[in-house]
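Reading the structure
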Amino acid sequence: MDRIVITGGSPLRGEVRISGAKNAALPILASTLLSGEECVITNVPAVVDVRTMATLLGMLGASVSAEGSRVAVSVQALASTEAPYALVKTMRASVLVLGPLVARWGEATVSLPGGCAIGTRPVNLHLSGLAKLGAEVTIEHGYIRARARRLRGTTIYLDFPTVTGTENLMMAACLAEGTTVIENAAKEPEITDLASFLVKRGARISGAGTDLITVEGVRELRGADHEVIPDRIEAGTYLAAGAITGGDVEITRCQPRHLEAVVMKLRESGAQVVEAKESIRLKAPRRLKGVDVKTFAYPGFPTDMQAQIMALMCMAEGPSVITETVFESRLIHVLELQRMGADIKVEGNHAVVSGTGTLTGAPVMASDLRASAGLILAGMAAEGETEISRVYHLDRGYERIEEKLGNLGAVIRRVKGEGGGAAAA
Ligand code: EPZ
């Protein structure tokens, strides 16, 4: 397994271009199952999760051709309606094929994703929503089996604004008979991006980006071309990298309005942040101030930026309380930051960080995609060398991260290891 080795202390300076959003590309690729005509998706990030989704689509019978950030998909006929455990356990977002398969092909057999480092992450809301749409849903031998001749529109209330749950049900509703209303829907920009792609293909969707989404079912969808939105979490990660190293970084090809909560917290901690139409420039203060952060569903502070801001707060002056409200066990990176000298106390879902302003390099282990990013940030600010193992987590969601950080002046290198790694998150 590869490792990443970082020598801390170099302020990051320069410009970095943000890639397409992994969490928009995944549902958009899964939604190609809803039509037979070719779809051409551009600005797709070259990350492992996208490759896994492409593999799954191929296994189902889609023809997928990828050239750089352009992926063409067409699904004339299916070879299978099964998403096997061996693949799903490496990427939970595989569950996104469930809605499209049932809606267009009348059946799906998708492995339950199983546990994950950041929480139990059930998919009960996906399943109860599909059942409300008229699908017959059972769990057999660790697999979700869903069947429906034709889904029927209805009103679905989501107990929690689940992101992939909203996406699965919105996709399924596109081909249902009649109108579906999804109440307490997730409002993430990735959902709006998926909806705009589906509407281009003839779907009738209104309210995406709000907590009330209405879908009028149609008989079929066409193909279409679509450019994926920039990745707001990658963008936030690079802003945090500039802030933690006392640097001056400009991130380009991003959507500043998707990062409001993150930018607000960075400004509160003393960073100077200037936004333009498609770029953001951050100049770090000599020393950051500790600020309190609570994660929420969008437009709140994103849980996917929690590990990164925690690393930042370790270097800040003064205490900060970081509260994780979305996942029940997304504070494992605390243990690794403590190995680097961080003074953090965990009480329930709160982490009380006493900003000591120093971290020391150490061998640490990544536990999930975003924890890995937090450890990279800590390593760039720490005295000495940090070696991060299990970086396969990182490769699932960050395109060429050591190259992009190296171009900004980070002293970072990848040490090739033997064997790969596979874990869901
Ligand atoms: C999406 O995961 C993202 N993944 C996650 O990003 C992100 O952390 C998460 O949304 C929250 O923003 C993709 O979009 C592919 P949820 P998802 O369903 O949809 C509970 C990354 O790093 N819940 O919104 O799986 C669940 O337990 C990844 O890119 C149920 O109880 O998250 C959790 O506590 C990590 N029942 C909360 O809702 C359900 O049926 C949020 O989960 C579904 C969810």
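Everything quoted here is computed from the prediction, not taken from an experiment. (Residues numbered from 1 in each chain as written. Predicted model: local features only at pLDDT ≥ 70, side-chain atom pairs only at ≥ 80, totals over all residues. Heavy atoms only, no water.)

**Regarding the overall build of the chain**
- When its secondary structure is counted, the chain shows 14 helices and 24 strands.
- Relative to the 2.2 N^0.38 estimate, which gives 22 Å for 425 residues, the radius of gyration of the chain is 21 Å and therefore close to what a compact globule would have.
- Across the chain, every contact between residues at least 6 apart in sequence was considered, and the portion connecting residues at least 24 apart equals 74%.
- Counting every atom, the chain has about 15,900 Å² of accessible surface; 49% of that belongs to carbon and sulfur. (Helix = DSSP H or I, 4+ residues; strand = E, 2+ residues; numbered from the N terminus. Rg over C-alpha atoms; globule rule 2.2 N^0.38 Å. Contact = heavy atoms within 4.5 Å. Areas by Shrake-Rupley, 256 points an atom, 1.4 Å probe, with all protein chains shown as cover.)

**Comments concerning the sheet that holds strand β24 (residues 411–415)**
- With respect to topology, four strands assemble into an open sheet ordered β22-β23-β1-β24, the strand pairing being mixed. Each edge of the sheet is formed by a strand with only one pairing partner; in this case those strands are β22 (363–365) and β24. When the angles between neighbouring strand axes are averaged without regard to direction, this sheet yields 20°.
- Bridge analysis of strand β1 (residues 3–7) against β24 gives five bridges, and the strand direction is antiparallel. Along β24, the bridge assignment pairs Ile-4 with Arg-414. (Pairing = 2+ DSSP bridges. Axes fitted to C-alpha atoms, helices over the stretch in contact; angles between N-to-C directions.)

**Notes on the nonpolar core**
- The biggest cluster of nonpolar side chains holds 73 residues, and the ones touching the most others in it are Met-53, Val-97, Leu-98, Leu-151, Met-170, Leu-198 and Ile-205.
- If we ignore the near neighbours within four places in the chain, the residues touching Ile-205 are Met-170, Cys-174, Ala-195, Leu-198, Val-199, Ile-213, Thr-214 and Val-215.
- Ile-18, Phe-301, Ile-322 and Ala-351 belong to the second largest nonpolar core, which has 70 residues in total. (Core = buried A, V, L, I, M, F, W, Y, C linked by side-chain atoms within 4.5 Å. Buried < 20%, exposed > 50% of the residue type's maximum accessible area, 1.4 Å probe, protein only.)

**Quick look at the environment of Thr-210**
- Inspection of the secondary structure assignment puts Thr-210 in the loop between β12 (204–206) and β13 (212–216).
- Relative accessible area serves as the criterion here: at 35%, Thr-210 is assigned to the partly exposed category.
- Ignoring any residue separated from it by four or fewer positions in sequence, one finds Thr-210 in contact with Ala-185, Ala-186 and Lys-187.
- At a separation of 2.6 Å, a polar atom in the side chain of Thr-210 contacts the main-chain carbonyl oxygen of Gly-207.
- In this structure the side chain of Thr-210 is engaged in a polar contact, spanning 3.0 Å, whose partner is the backbone oxygen of Leu-212. (Polar contact = N/O pair within 3.5 Å; in protein donor to acceptor, adjacent residues only side chain to side chain.)

**Examining the site of the ligand**
- Surrounding the ligand, one finds 20 residues, the nearest of these being Asn-124, Thr-162, Thr-164, Asp-304 and Val-326.
- At a separation of 2.6 Å, an oxygen atom of the ligand approaches a polar side-chain atom of Asp-304.
- Among the elements of the structure, α1 (22–30), α5 (124–132), α6 (163–174) and α12 (369–381) are those that each provide at least two residues to the shell around the ligand.
- Looking at the shell around the ligand element by element, the count peaks at three residues for α5.
- Shared between two domains, the shell around the ligand holds at least three residues of each, these being domain 1 (3–19 + 230–424) and domain 2 (22–227). (Near = heavy atom within 4 Å. Domains from an automatic or database assignment.)

**A few points about the domain arrangement of the chain**
- When cut into domains, the chain gives domain 1 (3–19 + 230–424) and domain 2 (22–227).
- One C-alpha centre belongs to domain 1, the other to domain 2, and the line joining them spans 30 Å.
- Summed over both sides, the interface between domain 1 and domain 2 buries roughly 2,200 Å², with carbon and sulfur atoms accounting for 54% of that surface.
- Linking domain 1 to domain 2 there are three salt bridges.
- One salt bridge in this structure joins Arg-253 and Glu-227, with 3.5 Å as the shortest N-O distance.
- Scanning the region where domain 1 abuts domain 2 turns up eight residue pairs in polar contact (both at pLDDT 80 or more). (Buried area = accessible area lost by both parts, 1.4 Å probe. Salt bridge = Lys/Arg side-chain N within 4 Å of Asp/Glu carboxyl O.)

**Topic: the pattern of salt bridges**
- Inspection of the entire model under this criterion finds 22 salt bridges.
- We note a salt bridge from Lys-345 to Asp-343, for which the minimum N-O separation is 3.3 Å.
- The exposure class of Asp-343 is partly exposed, given its relative accessible area of 29%.
- When salt bridges that share partners are traced, they join Asp-2, Asp-395, Glu-402, Arg-414 and Lys-416 into one network.

**Some thoughts on the sheet that holds strand β4 (residues 63–67)**
- Pairing is mixed in the open sheet, where four strands are placed in the order β4-β5-β3-β14. Each having just a single partner strand, β4 and β14 (225–227) make up the two edges of the open sheet. Strand-to-strand twist of the sheet, defined as the mean angle between neighbouring strand axes without regard to direction, takes the value 15°.
- Alignment of β4 against strand β5 (residues 70–74), held across five bridges, turns out to be antiparallel. From the neighbouring strand, Ala-66 faces β5, where its bridge partner is Val-71.
- Of the strands in this sheet, β3 (39–42) and β14 touch helix α7 (residues 189–200), which is tilted by about 160° from β14.

**So, unusual backbone geometry**
- Of note, the amide linkage connecting Tyr-298 to Pro-299 takes the cis form, showing an omega dihedral of 10°.
- Tracing the sequence through the fold places Pro-299 in the loop between β18 (293–294) and α10 (306–314).
- We note that Asn-184 has phi near 60°; this positive angle belongs to a residue other than glycine.
- Within the element layout of this structure, Asn-184 appears in the loop between β11 (179–183) and α7.
- Taking the relative accessible area as the measure of exposure, Asn-184 reaches 22% and is therefore partly exposed.
- Despite not being glycine, Arg-390 has its phi angle at roughly 60°, a positive value.
- For Arg-390, the location among the structural elements is in the loop between β23 (385–389) and α13 (392–395).
- Here Arg-390 falls in the partly exposed class, since its relative accessible area comes to 35%.

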